[in-house]
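Reading the structure
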Amino acid sequence: MTIKKNSAEKVYYTVIYGVITLFSILCLTPFWLMVTGSLTKESSILKNGYQFFPDQWSLAAYNMIFHSQRILKSYLVTVEVTVLGTVISMLLTCMLAYALSVRGLKYTKYISMFVFFTMLFSGGMVPWYILITRYLHLQNTILALMLPYAVSPFWMFLMRNYFRGIPDSIMESARIDGANDVFILFRIMLPLSLPSIATIGLFYGLMYWNDWYLSLMFIEKEGLFPLQFLLRSLVSNLMNVAASLNPKMSVMQEIPAYSVRMSTAIITIGPIILLYPFVQRYFVKGLTVGSIKG
């Protein structure tokens, strides 16, 4: 059955949908400008700036980026780091969060304080670099792009609060039936925590996908450069070349320094845009429930 709306409700919903539509258009406007900027000829950008509907279109920026096989290799490295890093981070985060969420377990307060301490203080860049390179020997390895970010204390505490929101009677019933903690975690707790897992996994994936700092610190082999580091180096080199030339020179207008900025942004955010709709339904629930419980 359809419920008829009176005139006041019709006006209300019209205004609400109008505001939401306008806000959506405003949110999409910078993205459209980024797309058109990446497809604009460099001479047009130097003359007119970025435009919503350029008068001169060009694929020079994308041709320059995909000119060599280095981009494809870096893309594969980034995908590998993002997938494996997210799996490792979620596995360690969930195990630590479950251990700290079990009531009655000894030394949970001390372990929680130890983890919380790392959110406030760090050992500094030099000791961190020495630890990764000299003691763990992770320099120029794929693990150097994953293990330093393996566990985020903030997301661990959020996951712990979510676990504490699950009734204890479920775990007690499982223990009566002979289940151990490994069975309870992977067969009971994790299936009941899909909203929180999807939310935290998305943030871990974004962190690994967008990271270039670890490769700058620990990677020297060209075959292990992730996509963000390679594109950052490309943009930096183009901007340095463009800055050293006279703006009135014709060669200056052939170097797509400004359009490359936009095209690199399009390339890097593409997979994340495709991934987000699949976890969007868990996103709000995972944040709100996990943050209030406990």
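The paragraphs below set out a description of the structure included in this document. Quick caveat, the model's predicted, so the values are computed rather than measured.

The topology assignment puts Asp211 in the loop between helix 10 (194-210) and helix 11 (213-218). Overall, the relative accessible area of 12% leaves Asp211 in the buried class. Side-chain polar atoms of Asp211 contact the backbone nitrogen of Leu214, separated by 3.3 Å. Apart from the residues lying within four places of it in its own chain, the contact partners of Asp211 are Tyr149, Pro226 and Gln228.

Glancing now at the nonpolar core. Most often, soluble globular proteins have nonpolar side chains that are buried together. Ranked by size, the top nonpolar core spans 40 residues in total, and within it Tyr98, Phe163, Ile184, Met189 and Ile200 carry the most contacts. Among the elements of the structure, helix 4 (70-101), helix 7 (153-164), helix 8 (168-176), helix 9 (181-192), helix 10 and helix 11 are those that each provide at least two residues to this core. Considering every element that reaches this core, the biggest residue donor is helix 4, with seven residues. Ignoring sequence-local partners within four residues, the contact set of Met189 consists of Tyr98, Phe163, Ile166, Met171 and Ile184. Counting 13 residues, the second largest nonpolar core, distinct from the first, contains Tyr62, Ile71, Val235 and Val260.

Reading guide: rules and limits
- Residues numbered from 1 in each chain as written.
- Predicted model: local features only at pLDDT ≥ 70, side-chain atom pairs only at ≥ 80, totals over all residues.
- Heavy atoms only, no water.
- Helix = DSSP H or I, 4+ residues; strand = E, 2+ residues; numbered from the N terminus.
- Buried < 20%, exposed > 50% of the residue type's maximum accessible area, 1.4 Å probe, protein only.
- Polar contact = N/O pair within 3.5 Å; in protein donor to acceptor, adjacent residues only side chain to side chain.
- Contact = heavy atoms within 4.5 Å.
- Core = buried A, V, L, I, M, F, W, Y, C linked by side-chain atoms within 4.5 Å.

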